[in-house]
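Topology and contacts: notes
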Amino acid sequence: AMFTRTATIPKFKKRSSFLKNRPLAIKRLTFVALILLLSGRPLFALPKVAVVFDDLLRDPKLYETALNIPVSLNFAVIPGFEFSRANAEAVHAQGQEVLIHFPMQPPKNNLPHYTFKLVDGMDRNEIQYHLNESFRTVPYAVGLNNHMGSHSSQDAELMAMFMGCYKHIIAKSGQPYFFLDSKTIGRSKAGSAAEAAGIKTFYRDVFLDGFTDDAYL
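This is a predicted model, so every value here is computed, not measured.

Digging into the packing of aromatic side chains
Inspection of the entire model under this criterion finds eight aromatic pairs. Judged by centre distance (5.2 Å) and plane angle (5°), the ring pair of phenylalanine 81 and phenylalanine 83 falls under stacked. Ring geometry for phenylalanine 116 against tyrosine 129: centres 6.4 Å apart, planes inclined by 70°, an arrangement best described as edge-to-face. One end of the pair, phenylalanine 116, is in the loop between β3 (97-104) and α5 (124-137); the other, tyrosine 129, is in helix α5, with 13 residues separating them in the sequence. On the basis of relative accessibility, which here comes to 6%, the residue phenylalanine 116 falls in the buried class. Within the aromatic cluster, the residues linked to one another by ring pairs are Phe81, Phe83 and Tyr114. A cation over a ring is seen here: arginine 204 above phenylalanine 207, with NZ or CZ 3.9 Å from the ring centre.

Details of the sheet that holds β3
Read from one edge to the other, the open sheet built from six strands follows the order β1-β2-β3-β4-β5-β6, with strand pairing classed as parallel. Strand pairing shows two members of the sheet lacking a second neighbour, β1 (52-54) and β6 (200-203), which therefore form its edges. On average, each strand axis in the sheet is tilted by 30° relative to the strand beside it, whichever way the strands run. Each of β3 and β4 (141-148) touches α5; the most contacted strand, β3, lies at about 150° to it.

Details of the pairing of β6
Pairing between strand β5 (residues 178-181) and β6: four bridges, direction parallel. Looking across to β6, one finds that aspartate 181 is bridged to tyrosine 203. Chirality of the crossover, the property in question, places the unit of β5, helix α7 (residues 190-196) and β6 among those that are right-handed.

Rules behind the numbers
Residues numbered from 1 in each chain as written. Predicted model: local features only at pLDDT ≥ 70, side-chain atom pairs only at ≥ 80, totals over all residues. Heavy atoms only, no water. Phe/Tyr/Trp six-rings, centres within 6.5 Å; stacked < 30°, edge-to-face > 60°. Helix = DSSP H or I, 4+ residues; strand = E, 2+ residues; numbered from the N terminus. Buried < 20%, exposed > 50% of the residue type's maximum accessible area, 1.4 Å probe, protein only. Lys NZ or Arg CZ within 6 Å of the ring centre and 35° of its normal. Pairing = 2+ DSSP bridges. Axes fitted to C-alpha atoms, helices over the stretch in contact; angles between N-to-C directions. Contact = heavy atoms within 4.5 Å. Right-handed = clockwise from strand over helix to strand, strands pointing away.

What follows is the structure in structure tokens.
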């Protein structure tokens with residue numbers, strides 16, 4: 001239940017008759033509730049859940065099905081593919097949020113099939129270029145999360161450099177882009193690096209398809 005400014009506030013002929021002989025805790029709660037009602041702030045807030053679809057947009061059937069789910073969702077689009085821009089535009093047209101699903105290096109793999117990515121040995125200029133091009137090829141993005149990255153995200157120095165480049169994009173664009181740490185490994189330094197750079201940061205809580213059997217899902 002949400003109580004707003006439009007809620008009816010009881011009118012008491014005698015205030016003392018309402019609170020008379022009530023415990024002090026009840027009197028205090030009543031006072032706080034009335035203040036919240038008058039301010040228009042919710043007295044009770046339901047928990048919120050954010051669901052992000054990663055890697056989905058490479059499959060047209062799944063993509064179409066997911067876009068027709070009648071709830072607010074987030075779609076993370078991998079940059080640099082031929083479908084990247086069109087899919088981001090379709091997600092935006094459907095009123096859903098677009099994220100950039102930015103590839104980061106996993107163990108023993110330098111991501112040869114990805115155009116824009118973060119891998120070992122990159123300098124600041126290379127990272128900035130890959131991030132700039134990612135935002136160019138994925139329009140309407142409101143934030144960024146990492147695709148894979150269980151190797152890169154453990155490197156505190158690399159993460160600090162990456163988040164510095166990301167912060168530059170935020171400052172230059174004037175947009176309040178955020179970072180979502182996919183936490184593909186528990187020792188990820190990505191989220192803490194984003195926070196240190198002053199970037200609004202969120203953390204993945206649960207992988208809904210960590211296992212694909214029906215019972216788990």
